[in-house]
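# Coordinates in review
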Amino acid sequence: MTAVLPGEDEGNKPLSRNRNYSILWTSQLLSELTIEIVAVAVPLLVMARSGSALEVGLAASVMAAVHMISVVPAGVLADRRDRRKIMLVCQAARVAGLASLVAALVMDTYFFPHVLLVVALEGFLGSVFDPVEHAALPTVVPESQLMTAVARNTARPYVAAMLGPFSAGLLFTLHPAAPFVTQAVMLALSFGALIFLRLPRLAVLPGEPREPGEPESLEEPESLEEPRARGARADTVEGIRWVMGHGVIRMTLVWITLTNLVFSALVIVVLVRSGEENVPSHEIGLMMTCFGIGGLLGAAVAARLTAALRPAVLVVGFSLVVTAVTGGMAYVPGGLPLGLLFGLAAFLAPAANTTVLTYQMLAAPEGMRGRLSGISGLSSGIAGVIGPALGSVVVALTEGPLTFLVCAGGFALVALITVLSPSLRRFPSLDTVHSS
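My aim in this report is to walk through the structure given alongside it, one point at a time. Source: prediction; values computed, not measured.

This brings us to the environment of Arg426. Along the chain, Arg426 turns up in the segment after helix H16 (422–425). Looking at Arg426, the relative accessible area reads 57%, which means it is exposed. Sequence separation between Arg426 and Val313 is 113 residues, and the spatial gap between their C-alpha atoms is 9.0 Å.

Right, let's talk about a nonpolar patch on the surface for a bit. A cluster of nonpolar side chains, namely Met162, Leu163, Ile293 and Leu297, defines an oily patch on the protein surface of about 340 Å² accessible area. Residue assignment for the nonpolar patch shows that the elements contributing at least two residues are helix H6 (155–174) and helix H11 (281–308). Here Met162 shows up in helix H6. Among the residues examined, Met162 registers a relative accessible area of 31% and is labelled partly exposed.

So, about helix H9 (residues 232–245). With 14 residues, H9 extends 20 Å from end C-alpha to end C-alpha; this agrees with the ideal 20 Å at 1.5 Å per step. Listing the buried residues of H9 in full gives Asp235, Gly239, Trp242 and Val243. For H9, the buried positions fall inside an angular range of 95 degrees around the axis, keeping them on one side. Opposite the buried face of H9, by more than 90 degrees, sit the exposed residues Arg233, Arg241 and Gly245.

On to the packing of aromatic side chains. Tallied over the full model, the rule gives 6 aromatic pairs. Where Phe263 meets Phe291, the ring centres are 6.3 Å apart and the plane angle is 65 degrees; that geometry is what we call edge-to-face. One end of the pair, Phe263, is in helix H10 (residues 247–276); the other, Phe291, is in helix H11, with 28 residues separating them in the sequence. Residue classification places Phe263 among the buried residues on the basis of a relative accessible area of 11%. Residue class for Phe291 comes out buried when judged on its relative accessible area of 18%. Considering the side-chain rings of Tyr359 and Phe427, the 5.2 Å spacing of their centres and the 70 degrees angle between planes classify their relative orientation as edge-to-face. Note that Tyr359 is positioned in helix H13 (residues 336–363) and Phe427 in the segment after H16, a separation of 68 residues in sequence. On the basis of relative accessibility, which here comes to 5%, the residue Phe427 falls in the buried class.

Each value, and the rule that gives it
- Residues numbered from 1 in each chain as written.
- Predicted model: local features only at pLDDT ≥ 70, side-chain atom pairs only at ≥ 80, totals over all residues.
- Heavy atoms only, no water.
- Helix = DSSP H or I, 4+ residues; strand = E, 2+ residues; numbered from the N terminus.
- Buried < 20%, exposed > 50% of the residue type's maximum accessible area, 1.4 Å probe, protein only.
- Patch = residues over 30% accessible without salt bridge, like charges linked within 9 Å, V, L, I, M, F, W, Y side chains within 5 Å.
- Areas by Shrake-Rupley, 256 points an atom, 1.4 Å probe, with all protein chains shown as cover.
- Salt bridge = Lys/Arg side-chain N within 4 Å of Asp/Glu carboxyl O.
- Expected span 1.5 Å × (residues − 1).
- Arc of directions from axis to C-beta.
- Phe/Tyr/Trp six-rings, centres within 6.5 Å; stacked < 30°, edge-to-face > 60°.

So this is what it looks like as structure tokens:
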């Protein structure tokens, strides 16, 4: 179910002319760029001021831990409160936190606990912003264009991953405060854009099904106070029960978690093995660029692929093909050849992700989308934490081609689970999905 604001017929507009979608897309991109820049700029700052590897690790761990702990409660918040106001508060508070760090650096009053506070604030507010933006998307895009919108959204992480680290390093060479000034400006621009965002408000209680054809009201009903009074804990439990009770969505979360787990491990394997084989640093950078370019190209054609192929073909086919591609990495030299295969693996991901995410948005009731996004974000976060450690273990215990073959075996396991799961093997056609 989607909502149309008065005086607007979004179904007849291309996404490029949908103001609300453009605001959401741009704001989330700026948010993701900020996180990528922080992930590089903070370690550079800490090493320049104290040279402590322990402090660098602590800062990274605090940001990751706060993000992971906060993402599920953030999903509850997205289903209970005005989403536009939440996004505005997040961006304003992030600007304030970064501005305080800039002021400290300019006045030469660097204090590591202050850095930790800013990093924790960034991790928390970033985790709140994500599910709110995800839950808002179906309310500004008509159902007929939702798959295209999700496909375009899959490009954002690759854009952020390509531009963020490079920008952080370049800006830091100009001045230690420069990356943080840039982030504060970007988030301020996001705040300014979000002022003009228009989101409909629900006319039913969060989580309740809507009758066919029932519109979403722009007026917030008094009854909305009832679920708020019920308590966040009850809403969290309700969300978990709903997700676990929905067979297809439950299996998509398993698929997302395992796929991200193996991908995160593979990134470490590629980097470490390349270093051990004395691949020049510029070629390692080129390999990672291939990964980003592959993802961007995949996002560019994801909407066409999802329209041309059945969802089950994309989900099952991705797992099978990426297994073969990873196995091929065992038999090519490091550098550009390995980077090209790495990029091919990334190319296949956006179409499969688009299929899964679009299904989740269509299947979830409007008042449940924030919680679903939060639970999905937690699954991805857990995979992102465990995956690199798992990759390090694989590198330590194996040698030569076997290292990549173990990763291929991980993807083969995902493929096997996908094929054996009736929910994934017979993935529903997206034009038959309705929230309930």
